[in-house]
Amino acid sequence: MAPTKRSDDGLLAKVNFPLYCIEMLTSRHVLVAGGGGAAKTGVANGFEIYEIYHNGEKFLADEIMRHETGPTVVMNCAIKNDEKRTVLVAGQESHCQMYLVNTIVKNRGSSDGQNHSTAKTDINDTVKKRKNVSFQQQPPNQNRRSSKIYDNVVNNKELKFEIKTVDSIQTDFSESESLQRVVRISSNGKIMATGGLDGHLRLWFFPKLILLTEIKAHLKEIDDIDFSPDNKFVCSIAKDGLGVIWSINPDKESCKLVWNPPEGNRYLFKRCRYGVIEGMKDKYRLFTLANPFGKTGKAKGYLQQWNPETGMLTKAVEIDESLSALSVRDDGRFVAVGTMFTGSVSIYIAFSLQRVLHIPGAHSMFVTGLEFLPVTNFDGPAITTDTEAAVLSISVDNRICIHSLQYRHSLPAWVAVFLIIVILFLTFLFCSYIGL
């Protein structure tokens, strides 16, 4: 049985607006977004950035900055980091709004007006120095960017962020109401994909935001899309019940996701995410969430694993309620899901779909987003902790929580073999003693 944690564990921060999307900005900075919409309720719309660290006992978070977006709520977003800049794209009604996220390297304690700070768009130059915060041990030939991180820690520098509004493009053209539901950026940073109420999958040259191709993918609104790790395919799922894998070049249907729901019930896909196969850079899996159509209460949901080349279902686990959020860790080892009614969060082993952690009632309302703390050090050392995995969760209850999986203890193979031999030997002696 998977270990269970109390629902009040792991609260990192609470904001004053509902949260709808979450993305890692750096290896230790997280961006959350949402809002209350255009109604004059006093509930803000916008982004907040937090720095996460571990003090040796638990995770903590400090608020770094807040950026409000006026009357438009942020319902979805994606971030692309490279050595030159950080680009944030966000769904704000029918449009996709682009922002540049500049980092400001400052001497600790200096005011904003002092010239000790320099604005850069390379987020890899520094991390905030903290007492009792350790960093992963780096090999002697670690790259130059990680060395800069250590230099700035020694020099007592810190990061601040600045969000600048730039281009905007309409991405959904539904006749009744236009709304972008999802945006994703390919891992190579060359293509952006959007989907919305009109059911069209649109691919854009990124970051120029010039339309590359438009696919009439679905008859109803698109719920989720994701790029394959090799950037050759994109998966889309929608409220027409279809899950489709599309080839990007040329843009055509590669295969559909086909399965037989239990007892003839109708199911709709809710989320889709690709994940690399651990230790195999060129191989990957596809994961989806599926919920029963038109049912509530005790309806069962499914976490599913697919062969992305054939569209055939390879594994599935039944979950006691409908599901709302999905995330795969960057190394492909773990998958996390969030639930619709109880606000629970669970972590599964990706290859076997065995549940290894369950947090009932992590939120008081449905989980809107999940994001694993990265482990592949895409921009410098990841946070060093005593946990095997950690996933962040958000909800419309305004809470940002973190849930950690402790290292699971298991016997080495040689110890297990030795114990089996000892047990067999003792059994033989016992049988000889009683004359069998």
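Residues numbered from 1 in each chain as written. Predicted model: local features only at pLDDT ≥ 70, side-chain atom pairs only at ≥ 80, totals over all residues. Heavy atoms only, no water.

Under Subcellular location (unreviewed entry), UniProt gives the following word-for-word description of the protein chain: "Endoplasmic reticulum membrane". (UniProt positions renumbered as here; feature names shortened; annotations may be inferred.)

Can you help me understand the overall build of the protein chain in this one?
When helices and strands are counted, the protein chain shows two helices and 29 strands. Across the protein chain, every contact between residues at least 6 apart in sequence was considered, and the portion connecting residues at least 24 apart equals 53%. Total accessible area on the protein chain is roughly 20,700 Å²; 53% of this is exposed by carbon and sulfur atoms. (Helix = DSSP H or I, 4+ residues; strand = E, 2+ residues; numbered from the N terminus. Contact = heavy atoms within 4.5 Å. Areas by Shrake-Rupley, 256 points an atom, 1.4 Å probe, with all protein chains shown as cover.)

Would you take a moment to explain the pattern of salt bridges for this structure?
Opposite charge on two side chains permits them to pair, given that their charged atoms come into close proximity. Considering all chains together, one arrives at 17 salt bridges under this definition. For the salt bridge of Arg-66 with Glu-48, the shortest nitrogen-to-oxygen distance reads 2.5 Å. Of this pair, Arg-66 sits in strand β5 (residues 59-68) while Glu-48 sits in strand β4 (residues 45-54), placing them 18 residues apart in sequence. Using a relative accessible area of 3% as the deciding quantity, one classes Glu-48 as buried. (Salt bridge = Lys/Arg side-chain N within 4 Å of Asp/Glu carboxyl O. Buried < 20%, exposed > 50% of the residue type's maximum accessible area, 1.4 Å probe, protein only.)

Explanation requested: the environment of Thr-385 in the structure shown.
Here Thr-385 lies in the loop between β27 (367-372) and β28 (387-395). With 332 residues separating them along the chain, Thr-385 and Tyr-53 place their C-alpha atoms 8.9 Å apart. Side chain to side chain, Thr-385 and Thr-387 meet in a polar contact 2.7 Å long. (Polar contact = N/O pair within 3.5 Å; in protein donor to acceptor, adjacent residues only side chain to side chain.)

I keep staring at the nonpolar core and nothing clicks. Help me out?
One broad trend across soluble globular proteins is that nonpolar side chains are buried collectively. Of all hydrophobic cores here, the largest spans 21 residues; its most connected members are Leu-12, Tyr-50, Ile-52, Phe-59, Leu-373, Leu-392 and Ile-400. Those elements giving two or more residues to this core turn out to be β1 (11-14), β2 (19-24), β3 (29-35), β4, β5, β28 and β29 (399-406). Each of domain 1 (7-108 + 156-170) and domain 2 (258-435) contributes no fewer than three residues to this core. Once you skip the residues sitting within four places of it in the chain, Tyr-50 turns out to touch Ala-13, Val-15, Arg-28, His-29, Val-30, Val-32, Ala-61, Asp-62, Glu-63, Ile-64 and Ile-400. By size, the runner-up hydrophobic cluster in this structure holds 19 residues, among which are Leu-25, Ile-64, Tyr-99 and Leu-159. (Core = buried A, V, L, I, M, F, W, Y, C linked by side-chain atoms within 4.5 Å. Domains from an automatic or database assignment.)

I would appreciate a short explanation of the sheet that holds strand β12 (residues 191-196) in the present structure.
Sheet strands associate in pairs through backbone hydrogen bonding, adopting either a parallel or an antiparallel arrangement. Spatial ordering of the open sheet is given by β11-β12-β13-β14, a layout of four strands whose pairing is antiparallel. If you trace the sheet from one side to the other, it starts and ends with β11 (180-185) and β14 (210-215), each paired once. Sheet twist, expressed as the average angle between the axes of neighbouring strands with direction ignored, equals 20°. Both β11 and β12 contribute to a ladder of five bridges, which runs antiparallel. Residue pairing across strands places Arg-184 opposite Ala-193, the latter belonging to β12. (Pairing = 2+ DSSP bridges. Axes fitted to C-alpha atoms, helices over the stretch in contact; angles between N-to-C directions.)

Any chance you could explain the packing of aromatic side chains here in plain terms?
In the structure shown here, the tally under the stated rule is six aromatic pairs. With a centroid separation of 5.3 Å and 80° between ring planes, the pair formed by Phe-47 and Tyr-99 is classed as edge-to-face. Linking Phe-47 in strand β4 with Tyr-99 in strand β8 (residues 95-107), this pair joins segments that are 52 residues apart in sequence. Taking the relative accessible area as the measure of exposure, Phe-47 reaches 1% and is therefore buried. (Phe/Tyr/Trp six-rings, centres within 6.5 Å; stacked < 30°, edge-to-face > 60°.)

Hey, could you run me through the pairing of strand β15 (residues 222-227) in this one?
Taken residue by residue, a regular strand's side chains alternate between the two faces of the sheet. Where burial is concerned, most of β15 is hidden: six out of the six residues are buried. Looking at chain direction, β15 and strand β16 (residues 233-238) are connected through five bridges and run antiparallel. Bridged to Asp-224 within β16 is Ile-237. Counting the residues that bridge the hairpin from β15 to β16 gives five residues, and of these Asn-231 lies at a positive phi of roughly 65°.

Got a minute to help me understand the UniProt feature "repeat: WD" (unreviewed entry) in the protein chain in this structure?
Here, the residues flagged by UniProt with the feature "repeat: WD" (unreviewed entry) are residues 183-204 and 215-249. Taken end to end, residues 183-204 has its terminal C-alpha atoms 11 Å apart, with 0% of it in helix and 59% in strand. Annotated as residues 215-249, this span is 0% helix and 51% strand, and its ends, taken at the C-alpha atoms, are 13 Å apart.

What is the right way to look at the side chain of Ser-393 in this model?
Topologically, Ser-393 is positioned in strand β28. At a separation of 2.7 Å, a polar atom in the side chain of Ser-393 contacts the side chain of His-403. Beyond its immediate stretch of four places on either side in the chain, Ser-393 contacts Val-345, His-363, Val-367, Gly-369, Leu-370, Arg-399, Ile-400, Cys-401 and His-403.

Any chance you could explain unusual backbone geometry here in plain terms?
Across the chain, the bulk of peptide bonds are trans and the bulk of non-glycine residues have phi less than zero. In the segment running from Phe-206 into Pro-207, the intervening peptide bond is cis, with an omega of 10°. With respect to the helices, strands and loops of the structure, Pro-207 is situated in the loop between β13 (201-205) and β14. For the bond from Asn-249 to Pro-250, the omega torsion is 0°, close enough to zero to count as cis. Note that Pro-250 resides in the loop between β17 (243-247) and β18 (252-256). One non-glycine residue, Asn-231, lies in positive phi territory at about 65°.

Would you take a moment to explain the sheet that holds β3 for this structure?
Strand order in this open sheet of four strands is β2-β3-β4-β5, and the pairing throughout is antiparallel. If you trace the sheet from one side to the other, it starts and ends with β2 and β5, each paired once. Averaged over all pairs of adjacent strands, the angle between their axes in this sheet comes to 25°, without regard to strand direction. Examined bridge by bridge, β3 and β4 share seven bridges and lie antiparallel to one another. Its bridge partner being in β4, Gly-35 is matched across the sheet by Asn-45.

What is the right way to look at a nonpolar patch on the surface in this model?
On the surface, a nonpolar cluster with roughly 960 Å² of combined accessible area is contributed by Trp-414, Phe-418, Leu-419, Val-422, Ile-423, Phe-425, Leu-426, Phe-428 and Leu-429. Take Leu-429: it is sitting in helix α2 (residues 413-433). Note on Leu-429: relative accessible area 40%, which makes it partly exposed. (Patch = residues over 30% accessible without salt bridge, like charges linked within 9 Å, V, L, I, M, F, W, Y side chains within 5 Å.)

Explanation requested: the confidence of the model for the protein chain in the structure shown.
Any segment with low pLDDT has predicted coordinates that should not be analysed in fine detail. Of the residues in the protein chain, 83% reach a pLDDT of 70 or more, and the chain-wide mean stands at 85. Of the regions scoring below 50 in pLDDT, residues 4-8 engages in 13 contacts with residues more than four places distant in sequence or in other chains. Across residues 113-154, confidence stays below pLDDT 50; counting only partners more than four residues off in sequence or on other chains, it has 91 contacts. (pLDDT = per-residue confidence, 0-100.)

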